[in-house]
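Okay, here's what each chain looks like letter by letter:
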Amino acid sequence: MRDFTNDHSALALNTASLGHNLDGHGAGWSPERVIDACAERGFGSIVFWRREIGSRAVAIGERARAAGLSVAGLCRTPFLTGAEAMDRQAAIDGAKSAIDMAAGLGAAVLTIVVGGVHPDTKGTEESLKILTERLGEIVPYAAERGVKLALEPLNPFYAGNRSCLTTVRDAVDICDALGAPNLGIAVDVYHVWWDSDLDAQLQRAGAGRIFGYHLCDWLAETRDVLLDRGMMGDGVADLRAIRGSVEGAGYAGPCEVEIFSAQNWWKRDPGEVLDVIVERFRALC
Ligand code: ZN
């Protein structure tokens, strides 16, 4: 395993950790200000959300690289299944426009949060089939533009309305079915910490298909499954063991801190949040 005690250049900030992705939260810093604050503290890379980028993808990407940061990713495609994705062509077009933005930004990876159970179906099996079929059209479009797509399985809590894809196993199954080099997975501590099959499934995925590793913690007494993520060290996830599995499978990329925390971290000064992230990453992750 890599040793981050004295070197946190693998650390990436997902800007959601500063509350920017929801109206009324966070300090409202511009992308430029976030870039500079991360660069000053020695972060190696940054991950943006589409709403921060708008039509400025090329300029923001260049600005990040000029400050010494790589753009590790862009969050995320619109949903591909579920109630918001009833219109197949609109769902595919939405994903393609997110791919165009990722290409303009020079983002290494575009994350896919797939969407919930498709209307008029029950369980997840049918929705996963719909997802796989739609991905079949999107993946080549991304490949032509040099964009990698990372399927992010979400905690089963969200299966109904946000992600019918809930396990690394199902995500790797879809990667196997489509067999495209630019389709892989993102592993987020919040979503996988409970999974006793994680190590085996990551071995199955292999280094070439793990495109991202996301850090936070699961608070034992969580108050809100969407907006009460913990800072690393404050919860019950075995962070070292999970990174051991991810790196044991061959992953050597950025470790992206992604904390949605409306009642705690989003209320604090972003500079303080960034300082705590660096400290916890070095000591505990
Ligand atoms: Zn994530």
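Residues numbered from 1 in each chain as written. Predicted model: local features only at pLDDT ≥ 70, side-chain atom pairs only at ≥ 80, totals over all residues. Heavy atoms only, no water.

Undergrad: What is the right way to read the overall build of the protein chain from this model?
TA: Each helix and strand counted, the protein chain has ten helices and eight strands in total. Relative to the 2.2 N^0.38 estimate, which gives 19 Å for 285 residues, the radius of gyration of the protein chain is 18 Å and therefore close to what a compact globule would have. Its C-alpha atoms give the protein chain principal-axis dimensions of roughly 45 × 40 × 35 Å. Burial statistics for the protein chain: of 285 residues in total, 57% are counted as buried. Only carbon and sulfur atoms are counted for the fraction: they give 49% of the accessible area of the protein chain, which is about 11,200 Å². If the 28 positive side-chain charges of the protein chain are averaged to one point and the 39 negative ones to another, these points end up 2 Å apart. (Helix = DSSP H or I, 4+ residues; strand = E, 2+ residues; numbered from the N terminus. Rg over C-alpha atoms; globule rule 2.2 N^0.38 Å. Buried < 20%, exposed > 50% of the residue type's maximum accessible area, 1.4 Å probe, protein only. Areas by Shrake-Rupley, 256 points an atom, 1.4 Å probe, with all protein chains shown as cover. Lys, Arg positive; Asp, Glu negative; His and termini not counted. Charge placed at Lys NZ, Arg CZ, Asp CG, Glu CD.)

Undergrad: Before we go on, may I ask you to explain the pattern of salt bridges in this structure?
TA: Close approach of charged atoms allows side chains with opposite charge to pair. Applying the stated criterion across every chain yields a total of 20 salt bridges. Notably, a salt bridge pairs Arg145 with Asp100, separated by 3.5 Å at the nearest N-O pair. With Arg145 in the loop between α5 (125–144) and β5 (148–151) and Asp100 in helix α4 (residues 88–105), this pair connects stretches of sequence that are 45 residues apart. Assessed through its relative accessible area of 32%, Arg145 is described here as partly exposed. Here Glu272 and Arg268 are joined by a salt bridge, their closest N and O atoms 3.0 Å apart. Among the residues examined, Glu272 registers a relative accessible area of 34% and is labelled partly exposed. Residue class for Arg268 comes out partly exposed when judged on its relative accessible area of 31%. Members of the salt-bridge network, linked through shared partners, are Arg88, Lys96, Glu133 and Glu137. (Salt bridge = Lys/Arg side-chain N within 4 Å of Asp/Glu carboxyl O.)

Undergrad: Which parts of the structure should I look at to understand the coordination of the zinc ion?
TA: Six octahedrally arranged donors around a metal ideally form angles of 90 or 180 degrees; four tetrahedrally arranged donors ideally form angles of 109.5 degrees. Taken together, Glu152 (OE), Asp188 (OD), His214 (ND1) and Glu258 (OE) make up the full set of protein donors to the zinc ion, lying 2.1 to 2.2 Å away. Of note is the zinc ion, whose four donor atoms meet at the metal with angles of 81 to 160° in an arrangement that counts as irregular. All donor residues of the zinc ion come from one chain, and their arrangement in sequence is E-x35-D-x25-H-x43-E. One end of the pair, His214, is in strand β7 (residues 210–215); the other, Glu258, is in the loop between β8 (255–257) and α10 (270–284), with 44 residues separating them in the sequence. Across this residue pair, the class does not change: His214 and Glu258 are buried. (Donors = N, O, S within 2.8 Å, 3.2 Å for Na, K, Ca; no water. Tetrahedral: all angles 85-135°; square planar, octahedral: opposite > 155°, others 65-115°.)

Undergrad: Explain the pairing of β5 to me, please; I cannot follow it from the model alone.
TA: Two faces make up the sheet, and in a regular strand the side chains alternate between them. Where strand β4 (residues 109–112) meets β5, four bridges bridge the pair, whose relative direction is parallel. Within β5, the residue paired with Val109 across the bridge is Lys148. Two elements, β5 and strand β6 (residues 183–188), share three bridges in a ladder whose sense is parallel. Its bridge partner lying in β6, Leu149 is registered against Leu183. (Pairing = 2+ DSSP bridges.)

Undergrad: Whenever I open this one, the pairing of strand β3 (residues 70–75) confuses me. Can you help?
TA: Within β3, five of the six residues are buried, which leaves the element mostly enclosed by the surrounding structure. Pairing of strand β2 (residues 45–49) with β3 involves five bridges; the strand directions are parallel. In the sheet register, Phe48 faces β3, and the bridge partner there is Leu74.

Undergrad: Where do I start with the environment of Met86 in this structure?
TA: In this structure, Met86 sits in the loop between β3 and α4. For Met86, a relative accessible area of 49% corresponds to the partly exposed category. Considered as a pair, Met86 and Pro119 are 33 residues apart in the sequence and their alpha carbons are 7.5 Å apart. Filtering out sequence-adjacent residues up to four positions away, Met86 remains in contact with His118, Pro119 and Arg134. (Contact = heavy atoms within 4.5 Å.)

Undergrad: Quick question: what am I supposed to make of the layout of surface pockets here?
TA: Gaps between atoms show up when a probe of the same size as a water molecule is rolled over them. Size it by volume and the second largest pocket reaches roughly 190 Å³. Residue lining of the second largest pocket: 20 residues in total, with Ala72, Val109, Phe211, Gly212 and Tyr251 positioned closest to the centre. Of all the secondary structure elements, the ones that give two or more residues to the lining of the second largest pocket are β3, β4, β5 and β7. Take the lining of the second largest pocket: its biggest share by element is five residues, from β7. Its residues placed into classes, the lining of the second largest pocket shows 14 nonpolar, four polar and two charged. (1 Å grid on protein atoms, 1.4 Å probe; cavity = no way out; pocket = protein on both sides within 12 Å on 5 of 7 lines; lining within 4 Å. Points joined across faces, edges and corners; volume = space filled by probe spheres on them. Nonpolar A, V, L, I, M, F, W, Y, C, P; charged D, E, K, R; others polar.)

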